[in-house]
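Report on the structure
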Amino acid sequence: MTKQLTLNLEPYNPRFSLCSAKRTAVEKTGLHGWHPYYAGYSEAFVESAIRYLGCDRNTLLLDPWAGSGTTGIVAAKTGIPSICLDINPVMATFAAAKSYQVLSREEEIVNFFETIEKFSFPESNLTNNDSLTKIFTSKTVRLIRSVVNTVAVNFSEKSTNISPFTKKIIDPFYGFYISVIFVSLRKMSGLKPRSNPTWISKNENQITLSPQVLFQELRNNAVKMLREIKYFYALEGEIIPHISLKGDIRNMPLPGESIDVSIASPPYLTRIDYAISTMPEIYLLGGEELLSCIRHNTMGAPVITKGEKEPKESWGPTCNFILDSIKQHPTKAAKSYYWKNIVQYFMDLDNALDEIKRVLKPGGKGLLVVQSSYFKELEIPLAKIYCEFAVNKGFQAEIVRSETVKNHFAHVNTKSNSYKKGKVYYESFVYLEK
């Protein structure tokens with residue numbers, strides 16, 4: 001039987017208020033500007049959430065949807081140990097690369113990129129289906145691959161972690177080397193963002209890069225990125241570097257009852273294709289096969305996975321009412337695509353909350369940032385749905401703050417208001433306690 005949900009709007013710790021999750025323009029530059037990332041929340045929110053949840057140096061903090069790693073780097077500056085986890089290895093690599101630890105080998109990193117011509121191996125062989133050839137010419141891709149191989153060999157000579165990407169933990173130094181390559185290739189690819197911020201336009205012609213141009217770009221970006229790390233952590237007290245993991249929240253590589261606090265922003269119910277926005281970088285790491293794998297396993301992605309799609313009564317009355325309404329909606333593809341995709345989202349949420357509950361210690365707390373959305377004219381109050389899910393899993397759950405959102409992803413679709421005029425979207429903070 002579904003439990004009755006009562007929303008208590010009193011905050012967990014009345015001494016501290018929560019700041020808005022909206023990022024400022026500055027928070028899309030510097031360290032945050034290494035990569036295009038539509039989603040993300042403000043540093044001020046993370047700082048306020050850390051205070052709100054009563055974190056101290058003995059608190060282990062988890063962000064299981066870490067994305068660009070804002071939670072981890074803010075926690076590091078605050079002196080809070082943290083773990084950042086993301087299913088997309090590109091974002092997990094960027095998160096690792098932002099570690100304060102990288103600065104301890106600044107001279108070595110600069111020297112490597114200054115003398116990279118000396119270390120570069122002969123052009124590597126290409127497979128017939130190397131995905132990078134969709135962006136660069138074969139000659140340029142061979143050059144890029146030789147640089148990546150050079151980085152791997154140079155790194156393995158100085159580390160016991162010979163194959164960082166075969167392990168869950170991403171070494172911050174190796175992550176930084178690879179992130180320099182990510183940033184350089186993105187800049188030289190000619191790819192441009194479109195009105196949908198998670199998609200990019202492709203070039204009509206392949207790009208050719210000379211070794212001199214590529215090496216100079218790598219040098220420039222390595223120095224710039226090191227400077228941005230230094231600036232971000234400047235004038236702070238004790239810094240505790242965060243750990244970045246690549247992994248799926250539905251099966252986290254963490255022991256049970258090991259986490260004190262979780263702060264995260266799950267994917268919203270807006271069918272955002274996060275993997276596509278990192279397509280060039282994914283091509284560097286693993287090609288189309290890796291891209292497909294990430295798209296099919298990322299919560300909220302627009303693809304439909306194999307297997308039965310079946311709602312559960314335990315998801316709560318609001319979720320099941322929404323699903324029934326969508327299934328019966330007269331619009332084209334409501335039942336054949338949209339219903340399946342949204343059920344798939346809630347199946348992933350079901351598993352994710354089970355995992356969060358598993359890894360949290362008794363009495364462990366969490367804050368989730370979620371946004372409401374619409375299916376045509378039907379409002380989907382996602383924060384309320386999250387609360388009902390959580391209560392039925394044995395959590396205490398409350399909506400502790402809500403604010404209206406002006407620049408919502410749905411506004412990309414100019415036809416959105418044709419179904420209902422004056423739609424209002426809310427960003428809400430859901431508090432959980434085990």
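Residues numbered from 1 in each chain as written. Predicted model: local features only at pLDDT ≥ 70, side-chain atom pairs only at ≥ 80, totals over all residues. Heavy atoms only, no water.

What follows covers empty space enclosed by the protein. Evaluated as defined, the whole model comprises 4 cavities of 30 Å³ or more. Within this model, the largest cavity holds a volume of roughly 50 Å³. Around the largest cavity, the lining residues are Leu-132, Ile-135, Phe-136, Phe-182, Leu-185, Ser-189, Pro-280, Glu-281 and Leu-284. With 3 residues, the top contributor of residues to the lining of the largest cavity is helix H10 (residues 279–285). By residue class, the composition of the lining of the largest cavity is 7 nonpolar, 1 polar and 1 charged. (1 Å grid on protein atoms, 1.4 Å probe; cavity = no way out; pocket = protein on both sides within 12 Å on 5 of 7 lines; lining within 4 Å. Points joined across faces, edges and corners; volume = space filled by probe spheres on them. Helix = DSSP H or I, 4+ residues; strand = E, 2+ residues; numbered from the N terminus. Nonpolar A, V, L, I, M, F, W, Y, C, P; charged D, E, K, R; others polar.)

Pairing in this open sheet of 7 strands is mixed, and the strands run S5-S2-S1-S6-S7-S11-S10 from one edge to the other. The open sheet has two free edges, formed respectively by strand S5 (243–246) and strand S10 (396–405), since each of these has just one partner strand. The mean angle between the axes of side-by-side strands here comes to 15 degrees, regardless of whether they run parallel or antiparallel. As paired elements, strand S6 (residues 259–264) and strand S7 (residues 360–371) share 5 bridges and run parallel to each other. Across the sheet, Ser-262 pairs through a bridge with Gly-366, a residue of S7. The strands touched by helix H3 (residues 89–97) within the sheet are strand S2 (82–86) and S5, with S5 carrying the most contacts at an inclination of about 170 degrees. (Pairing = 2+ DSSP bridges. Axes fitted to C-alpha atoms, helices over the stretch in contact; angles between N-to-C directions. Contact = heavy atoms within 4.5 Å.)

Tallied over the entire structure, the rule returns 17 aromatic pairs. Here Phe-112 and Phe-113 contribute two aromatic rings whose centre-to-centre distance is 5.2 Å and whose plane-to-plane angle is 80 degrees, an arrangement assigned as edge-to-face. Its relative accessible area of 1% is what places Phe-113 among the buried residues. Their ring planes at 25 degrees and their centres at 5.8 Å tell us that Phe-346 and Phe-389 sit as a pair that is stacked. Here the residue Phe-346 occupies a position in helix H13 (residues 334–359), and Phe-389 occupies one in helix H14 (residues 382–392), the gap between them amounting to 43 residues. Judged on exposure class, the residue Phe-346 and its partner Phe-389 are both buried. Through successive ring pairs, a cluster of aromatic residues spans Trp-315, Tyr-345, Phe-346 and Phe-389. Sitting over the face of the ring of Phe-173, Arg-105 holds its NZ or CZ atom 4.0 Å from the ring centroid. In this arrangement the basic side chain of Lys-327 is found over the ring face of Trp-339, its NZ or CZ atom lying 4.4 Å from the centre. (Phe/Tyr/Trp six-rings, centres within 6.5 Å; stacked < 30°, edge-to-face > 60°. Buried < 20%, exposed > 50% of the residue type's maximum accessible area, 1.4 Å probe, protein only. Lys NZ or Arg CZ within 6 Å of the ring centre and 35° of its normal.)

The first and last C-alpha atoms of helix H7 (residues 172–188) sit 24 Å apart over 17 residues, in line with the 24 Å expected at 1.5 Å per residue. Taken across its 17 residues, H7 has 16 buried, putting it largely inside the fold. At the N-terminal boundary of H7, the capping side chain belongs to Asp-171, with an oxygen 2.8 Å from the backbone nitrogen of Phe-173. Gly-190 occupies a position one or two residues after H7 and carries a positive phi of about 80 degrees. (Expected span 1.5 Å × (residues − 1). Polar contact = N/O pair within 3.5 Å; in protein donor to acceptor, adjacent residues only side chain to side chain.)

A word on the side chain of Ser-244. When you line up the elements, Ser-244 lands in strand S5. Within the structure, Ser-244 has its side chain in polar contact with the backbone oxygen of Ala-92 (distance 2.7 Å). With near-sequence residues (within four places) excluded, Ser-244 lies in contact with Cys-84, Ala-92, Ala-95, Ala-96, Lys-168, Ile-169 and Ile-170.

Along the chain, Lys-393 turns up in the loop between H14 and S10. A polar contact is formed between the side chain of Lys-393 and the side chain of Asp-350, at a distance of 2.4 Å.

For the protein, mean pLDDT is 87; residues scoring 70 or higher make up 85% of the total. Ignoring residues within four places in sequence, the model shows residues 1–12, a span with pLDDT below 50, making 25 contacts including any to other chains. Under a pLDDT of 50 for its full length, residues 160–166 has, in the predicted model, 15 contacts with residues more than four places off or in other chains. (pLDDT = per-residue confidence, 0-100.)

Further remarks concern the packing of helix H1 (residues 43–52) against helix H2 (residues 70–78). Remark: H1 packs on H2, axes separated minimally by 9 Å, with the N-to-C direction vectors making an angle of 60 degrees. The orientation of H1 with respect to H2, classified from their angle, is oblique. By crossing handedness, the relation of H1 to H2 is classed as right-handed. Contacts between H1 and H2 involve Glu-43, Val-46, Glu-47 and Ile-50 on the former and, on the latter, Thr-70, Thr-71, Val-74, Ala-75, Lys-77 and Thr-78. Broken down by class, the residue content of the contact of H1 with H2 amounts to 4 nonpolar, 3 polar and 3 charged. (Parallel < 35°, antiparallel > 145°, perpendicular 65-115°, else oblique. Left-handed = near helix turned anticlockwise from the far one by under 90°.)

As a further point, take the nonpolar core. By size, the foremost hydrophobic cluster in this structure holds 78 residues, and its most contacted members are Phe-45 and Phe-176. A total of 11 residues in this core trace back to one element, the largest contributor, which is H7. One finds Leu-269, Ile-356, Leu-368 and Leu-378 within the second-largest nonpolar core, a separate group that totals 48 residues. (Core = buried A, V, L, I, M, F, W, Y, C linked by side-chain atoms within 4.5 Å.)

With that out of the way, let us pick up the pattern of salt bridges. Evaluation of the coordinates by the stated rule reveals 17 salt bridges. Glu-106 serves as the salt-bridge partner of Lys-230, at 3.0 Å between the closest nitrogen and oxygen. Here the residue Lys-230 occupies a position in helix H8 (residues 211–232), and Glu-106 occupies one in helix H4 (residues 106–114), the gap between them amounting to 124 residues. Its relative accessible area of 25% is what places Glu-106 among the partly exposed residues. Its salt-bridge partner being Arg-250, residue Asp-248 comes within 2.6 Å of it at the nearest N-O pair. On the accessibility criterion, Arg-250 (25% relative accessible area) is partly exposed. (Salt bridge = Lys/Arg side-chain N within 4 Å of Asp/Glu carboxyl O.)

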